[in-house]
Each structure stands twice: as structure tokens, then as C-alpha cells.
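Survey of secondary and tertiary structure
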Amino acid sequence: MIVAVMAALLVTMVLALARAFLGPGRYNRILAINVFGTKTVLFVAVAGYLFGRPEFLDIGILYALVNFVAVVAVLRLTHYDDLAEEPATDGEERT
Amino acid sequence: MIVLDILSAVLLAAGALFVLSGGVGLLRFPDFYTRIHAAGITDSAGAGLILLGLLLRTPSWETGIRLLIIMLFLALTGPTASYVLAFAARRDGVPIWRAGDRRR
């Protein structure tokens, strides 16, 4: 059962990579990489159960955090051309 | 125990089905906004079902708590990432696909 779930996750990761290579425009690519990161979290968790070492779940938590921060950071970078500084605009302009 | 194993297998199979359908939708849907729908399916339904299925076969309670933490993070960050992506694309002027348009 767990092997079947791993196979489904691998196929989905390949499909997301195909969309990341094909996808016109930057938003399709960012979306595909986001899906790939979420599937990586699931894959690490399921692999921990397959190998009988559930300590892998810590790595999964780390991946979940880094994935979300990376998506928001890339969106900020493509919009503002800067990661740190808040540009002088009105309040609703926020990523 | 056998009941828990069967229930866990059903949940894992349903999660794998959701993840696969989301992946196919990510490749086949015609434009960006419809692809967000497919990605959201894999983020919420697929991940939640697979992690619930794993939760039913945890050996110890520390592992269960880690699984619950992962579920909480994914439930918080998945919809937020989808919203931020859709907001940024809309502000950037990505056009919306209508029926009969060319795929892109």
C-alpha cells in the first residue's frame, strides 16, 4: 500500500516538473515548484514509514516551512526586485 | 488492529487518487487560474488524506504529534500560497481563459 502511494507521489512529481519546464510564464513555473515541494514533504513522510524510521518526519516539517517561505520570497523578488526593503507604496500593495 | 489497517489503506488509496488527479490536472488544464485549482486539490485533500492514513499506523505518540504538526503547516500554508499566487498573477495582468480560447 505504501509503495503504491510512493509511486503515485513520484508520478505527480514528474508531472509537476513537466509543467515547470513547459509552463508559459513565471507563475506557472512557481505554481509547479510549489506543488513539487508539497509532494516532497509527503514523499519524505511516506518514505519514513516505508523504511521504519519515522524520524524522517522532522525533515518533512523543515521542507514544509522552507517551501512556503521560498514561494513567497520568489514572488516578492519578481515583483519588487528586492527581498528585504519595503518599497514606498500605499498599504494594500503587499505580496 | 485489522480495522485500523483497512481504514488506513482506504485513506492512503484515496489520497493517492487525489494526488494523481491533481498532477494530471496541473498538466492538462488550459490556463493558470484553473491550474491553481488542481494544485489546491493536491495540497489540501491529497496531503490531508495521506497524512491521516499515516496517522492511523503510527508506532508512538511522538510520531503522531509530528504528523499533526505537518498537517497543520500544510493546512495553513497551502491555501495561503495559492491565494498569493493568484493575487500576484491577477495584479500582473495574466489574462483569464474563456471557453474557446487557445490553450496556454
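Residues numbered from 1 in each chain as written. Chains lettered and ligands numbered in written order. Predicted model: local features only at pLDDT ≥ 70, side-chain atom pairs only at ≥ 80, totals over all residues.

1. Describing the nonpolar core
In terms of nonpolar packing, the biggest core is built from 46 residues, with A:Leu9, A:Leu31, A:Leu42, A:Ala45, A:Val46, B:Ile50 and B:Ile70 touching the most fellow members. For this core, the elements supplying multiple residues, two or more each, are α1 (2-22), α2 (26-50) and α3 (56-80) of chain A together with α1 (2-28), α2 (32-55) and α3 (61-91) of chain B. It is α2(A) that provides the largest number of residues to this core, a total of 13 residues. Non-local contacts of A:Val46, meaning those with residues more than four positions away in its chain, are made with A:Ile2, A:Val5, A:Met6, A:Leu9, B:Ile50 and B:Leu54. (Core = buried A, V, L, I, M, F, W, Y, C linked by C-beta atoms within 7 Å. Buried ≥ 20, exposed ≤ 12 C-beta atoms within 10 Å, placed from the backbone. Helix = DSSP H or I, 4+ residues; strand = E, 2+ residues; numbered from the N terminus. Contact = placed C-beta atoms within 7 Å.)

2. Regarding the interface of chain A and chain B
On the side of chain B, 38 residues touch chain A, which itself brings 39 residues to the contact. Listing elements by their share of the side of chain A that touches chain B, those giving two or more residues are α1, α2 and α3 of chain A. Sort the elements by how many residues they give to the side of chain A that touches chain B and α2(A) lands first, with 13 residues. A class-by-class count of the residues in the side of chain A that touches chain B yields 29 nonpolar, 8 polar and 2 charged. (Nonpolar A, V, L, I, M, F, W, Y, C, P; charged D, E, K, R; others polar.)

3. Focus: the packing of α2(A) against α3(A)
Residues and elements named next belong to chain A. In the contact formed by α2 and α3, the axes pass within 8 Å of each other and the chain directions differ by 175 degrees. With respect to α3, the element α2 is oriented roughly antiparallel. The residues of α3 that touch α2, namely those facing Arg26, Ile30, Asn34, Gly37, Thr38, Thr40, Val41, Val44, Ala45, Ala47 and Gly48, are Phe56, Leu57, Ile59, Gly60, Tyr63, Ala64, Asn67, Val71, Val74, Leu75 and Thr78. Split into classes, the residues belonging to the contact of α2 with α3 amount to 13 nonpolar, 8 polar and 1 charged. (Axes fitted to C-alpha atoms, helices over the stretch in contact; angles between N-to-C directions. Parallel < 35°, antiparallel > 145°, perpendicular 65-115°, else oblique.)

4. Looking at α2(B)
Compared with the 34 Å implied by 1.5 Å per residue over 24 residues, the 34 Å span of α2(B) between its first and last C-alpha is a close match. Maximal helix bending in α2(B) amounts to about 30 degrees, located at B:Gly46. (Expected span 1.5 Å × (residues − 1). Bend = angle between axes of the 7 residues up to and from the residue.)

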